[in-house]
Each structure stands twice: as structure tokens, then as C-alpha cells.
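Each chain, written out:
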Amino acid sequence: MTALHTRIALFAATAGLAAGGLLLATPASAGTIPGGDEDICGVQLCLTYNSNGAGGEWYSDAPEVSDLAGATFGQGPTTSGGNCVGCWVKNNAAWGANGGYQSVYVYVNSAAYGWGAYDLIEPGGEGNLMTTRNNEASFSIYYRG
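Peer 1: So what about the sheet that holds strand 6 (residues 104-107)? Which residues, and what values?
Peer 2: Spatially, 1-7-6-9-4 is the arrangement adopted by the 5 strands of the open sheet, whose pairing is mixed. Each of the sheet's edge strands pairs with one partner strand only, and the pair in question is strand 1 (30-33) and strand 4 (64-65). Pairing of strand 6 with strand 7 (residues 118-121) involves 4 bridges; the strand directions are antiparallel. Residue pairing across strands places Val104 opposite Ile121, the latter belonging to strand 7.

Take a look at the structure:
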């Protein structure tokens, strides 16, 4: 092998190991919504009934809610619409935003059932839920895996 071929092979092997390490960094049971510079939510966590921040909204500035049972969507700003105002939040949210300064983990299960798979919403992040879409039951600023 020539020196050039050796360098190319070494680079390819190193890149493959780096990519493999990145794949291991986030569990298969997690979705990540990256952060941004915008404070779209105003509190620790906002959830909406529909995708893309539409529909009824629910807000919380608590660091953790171990079970969303009993929480209902309210009327959001006029831009979000009122679809499903009064509906249960638990297992009905499609979109989330983090207006706080700490990452938020939105979990499939309530604390009583072991939290489970999650979506991670970084500070300033907002987007459609991936892992927990219509299947969320709790949230925390603490990793509960």
C-alpha cells in the first residue's frame, strides 16, 4: 500500500469509529429536538395538541411533573388555534417547546411506571415530538433513564 492509500484507510477507519461513537451517544428510545436562540415558549415546557405548535396548549414552569394525568389543553395564543381545548394532555401532545434554561426530558411513562423512552428538548428548542408523540405521560429536567 502506498502512503496515500494508508492515510486514506486510516482516515476512513477513524471516521467510522467516530460515527459509531455518535450513534451510541443517544439511546434508540430517544428523540432529540435541538435548541435555538429563540424563547418561543416563555416557560419550562409547552405542549400542543397538534403538530407545529398548533391546537390547544399546555404550559408548565415546574422542573418536573411525574404524571400528566388530569392536565388539559387550554386556549393558546391566537396563532395556535383552539383545537382540542379541554382534551387531556397525557398521550395527546404532538409538539413541544422548551423556554427554560435546562434540557427537558418528555417521557412515555409516568414516574410510577419507570419513566421509559423520551424526547429530549434542548433549551430554546421547539419541534414535533418524535418518540413520545401522542404517547407522553411525564416530564423532567432530570434524566430518569
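Peer 1: Explain the state of the cysteines to me, and be specific about the residues and the numbers.
Peer 2: In total, this model carries 2 disulfides according to the counting rule given. Across the disulfide from Cys41 sits Cys46; the S-S distance is 1.9 Å. Here Cys41 and Cys46 share a disulfide; its torsion about the S-S bond, 95°, makes the bridge right-handed. On the basis of relative accessible area, Cys41 is assigned to the buried category, the value being 13%. Overall, the relative accessible area of 3% leaves Cys46 in the buried class. Among the cysteines of the chain that take part in disulfides, numbered as they appear in the sequence, the pairing is 1-2, 3-4.

Peer 1: Describe the side chain of Glu136, naming the residues involved and giving the relevant values.
Peer 2: Among the secondary structure elements, Glu136 is positioned in the loop between strand 8 (126-128) and strand 9 (138-140). The side chain of Glu136 is buried and forms no salt bridge, while Arg133, the nearest opposite charge, is found at 8.5 Å. A distance of 2.9 Å separates a polar side-chain atom of Glu136 from the backbone nitrogen of Asn92. One polar contact links the side chain of Glu136 to the main-chain amide nitrogen of Asn134, over a distance of 3.4 Å. Excluding residues that lie within four positions of it along the chain, Glu136 makes contacts with Leu68, Val89, Lys90, Asn91, Asn92, Ala93, Val106, Tyr107, Val108 and Leu129.

Peer 1: Would you mind going over the sheet that holds strand 3 (residues 57-60) in detail, with residue names and values included?
Peer 2: Here 4 strands make up an open sheet; going across it, the order is 3-2-5-8 and the pairing antiparallel. Each having just a single partner strand, strand 3 and strand 8 make up the two edges of the open sheet. Adjacent strand axes in the sheet meet at a mean angle of 15° when their direction is disregarded. Where strand 5 (residues 95-97) and strand 8 come together, 3 bridges link them in antiparallel fashion. Among the inter-strand pairings, Trp95 is bridged to a residue of strand 8, identified as Asn128.

Peer 1: With reference to specific residues and values, describe the pattern of salt bridges.
Peer 2: Side chains carrying opposite charge are able to pair once their charged atoms draw close together. For the structure on display, the rule yields 2 salt bridges. For Lys90, the salt bridge goes to Asp67, with nearest N and O atoms at 2.9 Å. Residue Lys90 is located in the loop between strand 4 and strand 5, and its partner Asp67 is located in the loop between strand 4 and strand 5; the two are separated by 23 residues in the primary sequence. Its relative accessible area of 25% is what places Lys90 among the partly exposed residues.

Here is what the cut-offs are and how they apply
Residues numbered from 1 in each chain as written. Predicted model: local features only at pLDDT ≥ 70, side-chain atom pairs only at ≥ 80, totals over all residues. Heavy atoms only, no water. Pairing = 2+ DSSP bridges. Helix = DSSP H or I, 4+ residues; strand = E, 2+ residues; numbered from the N terminus. Disulfide = S-S within 2.5 Å. Buried < 20%, exposed > 50% of the residue type's maximum accessible area, 1.4 Å probe, protein only. Lys, Arg positive; Asp, Glu negative; His and termini not counted. Salt bridge = Lys/Arg side-chain N within 4 Å of Asp/Glu carboxyl O. Polar contact = N/O pair within 3.5 Å; in protein donor to acceptor, adjacent residues only side chain to side chain. Contact = heavy atoms within 4.5 Å. Axes fitted to C-alpha atoms, helices over the stretch in contact; angles between N-to-C directions.

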